[in-house]
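# Examining the three-dimensional arrangement
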Amino acid sequence: ICSRNQEKESWFTAEECKNFWLAYNLPKNVEIMTLEEFSARSNSAKNVVMIRGLRGKEDLAHENKVIILNKENYGIKNFLFIFTSDEYASISSTKAREAAVAHDVLTLEKMVAKTVATALLQHAKGGR
């Protein structure tokens, strides 16, 4: 589910983020949707498993808030947490935006798919 975190400055809409996920080779049984799309469905949330990535123990406090929010507001009760390997632990949306602003294409392409890197670079230049 792609949505906007009200505590962060978003460079892209939820729909744009959804489209970015299509740049990755995801399993066929994975469906990416916006929060609006999810909310509009009449399906029960009991069949939903929200998959979240964790870079380290620092992420746990935030993820606890995410669990509570999704349980209370959307009825999602199933969560799967995947801990990243050390080589990816330092990657974050903040660092990707910083690389885009610095026009550091080599670093950026190590963090995200090329289509996502292109979008970040365009946004950093002031284009949308």
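Residues numbered from 1 in each chain as written. Predicted model: local features only at pLDDT ≥ 70, side-chain atom pairs only at ≥ 80, totals over all residues. Heavy atoms only, no water.

### Some details on the overall build of the chain
Spelled out, the test is: Segments assigned H or I by DSSP are reported as helices when at least four residues long, segments assigned E as strands when at least two residues long, and all are numbered from the N terminus. Each residue is placed in one exposure class: buried if its accessible area under a 1.4 Å probe, protein chains only, is under 20% of its type's maximum, exposed if it is over 50%, and partly exposed if it falls in between.
In terms of helices and strands, the chain carries six helices and two strands. Counting from the amino terminus, the chain carries its helices and strands in the arrangement α-α-β-α-β-α-α-α. On the principal axes, the C-alpha backbone points of the chain span a range of 45 × 30 × 30 Å. Taking all 128 residues of the chain together, 29% fall into the buried category.

### Concerning helix α4 (residues 93-101)
Short version of the rule: What the arc measures is the spread of directions leading from the helix axis to the C-beta atoms. Contacts between residues were defined by any pair of non-hydrogen atoms, one from each residue, lying within 4.5 Å.
Among all positions of α4, only Ala96, Arg97, Ala99 and Ala100 are buried. The buried residues of α4 all sit within an arc of 160° when viewed along its axis, so they share a single face. Among the structural elements, α5 (105-111) and α6 (114-124) are those in contact with the buried residues of α4. Following α4 by one or two positions, His103 has its phi on the positive side, about 55°.

### Here's the deal with the packing of α4 against α6
Packed helices, taken two at a time, are described by their axes: the angle between them and the distance between them. The following threshold applies: Lines fitted to C-alpha atoms define the axes here, with helix axes fitted over just the stretch in contact, and angles between the N-to-C directions of these axes take values from 0 to 180 degrees. By the definition adopted for this analysis, an angle is roughly parallel if under 35 degrees, roughly antiparallel if over 145, roughly perpendicular if from 65 to 115, and oblique otherwise. Put simply, a crossing is left-handed when the front helix is turned counterclockwise from the back one by less than a right angle, and right-handed when it is turned clockwise. Ten residue types, Ala, Val, Leu, Ile, Met, Phe, Trp, Tyr, Cys and Pro, are classed as nonpolar, four, Asp, Glu, Lys and Arg, as charged, and the remainder, Gly among them, as polar.
One can describe the packing of α4 onto α6 by two numbers: an axis separation of 8 Å at closest approach and a directional angle of 60°. As the angle between them shows, α4 and α6 are arranged oblique. Where α4 crosses over α6, the handedness of that crossing is right-handed. Contacts from Ala96, Arg97, Ala100 and Val101 of α4 reach α6 at Leu120, Leu121 and Ala124. Classifying every residue of the contact of α4 with α6 gives six nonpolar, no polar and one charged.

### Things to note about the pattern of salt bridges
Quick reminder of the rule: Here, a salt bridge means any side-chain nitrogen of Lys or Arg that lies within 4 Å of a carboxyl oxygen of Asp or Glu.
Scanning the entire structure with this criterion turns up three salt bridges. Notably, a salt bridge pairs Arg55 with Asp59, separated by 3.3 Å at the nearest N-O pair. Given a relative accessible area of 36%, Arg55 falls into the partly exposed group.

### Structural notes on unusual backbone geometry
The residue His103 is not glycine, and still its phi comes out positive at about 55°. You can see His103 is positioned in the loop between α4 and α5. With relative accessibility at 45%, the residue His103 sits in the partly exposed group.

### With respect to the state of the cysteines
Put plainly, a disulfide is one covalent bond tying together the sulfur atoms of two cysteines. For clarity, the cut-off: The disulfide criterion is simple: two cysteine sulfur atoms within 2.5 Å.
Inspection of the entire model under this criterion finds zero disulfides. For the unlinked cysteine Cys2, the closest cysteine sulfur is that of Cys17, found at 5.8 Å. A relative accessible area of 6% places Cys2 in the buried class. Classification of Cys17 by relative accessible area gives partly exposed; the value is 26%.

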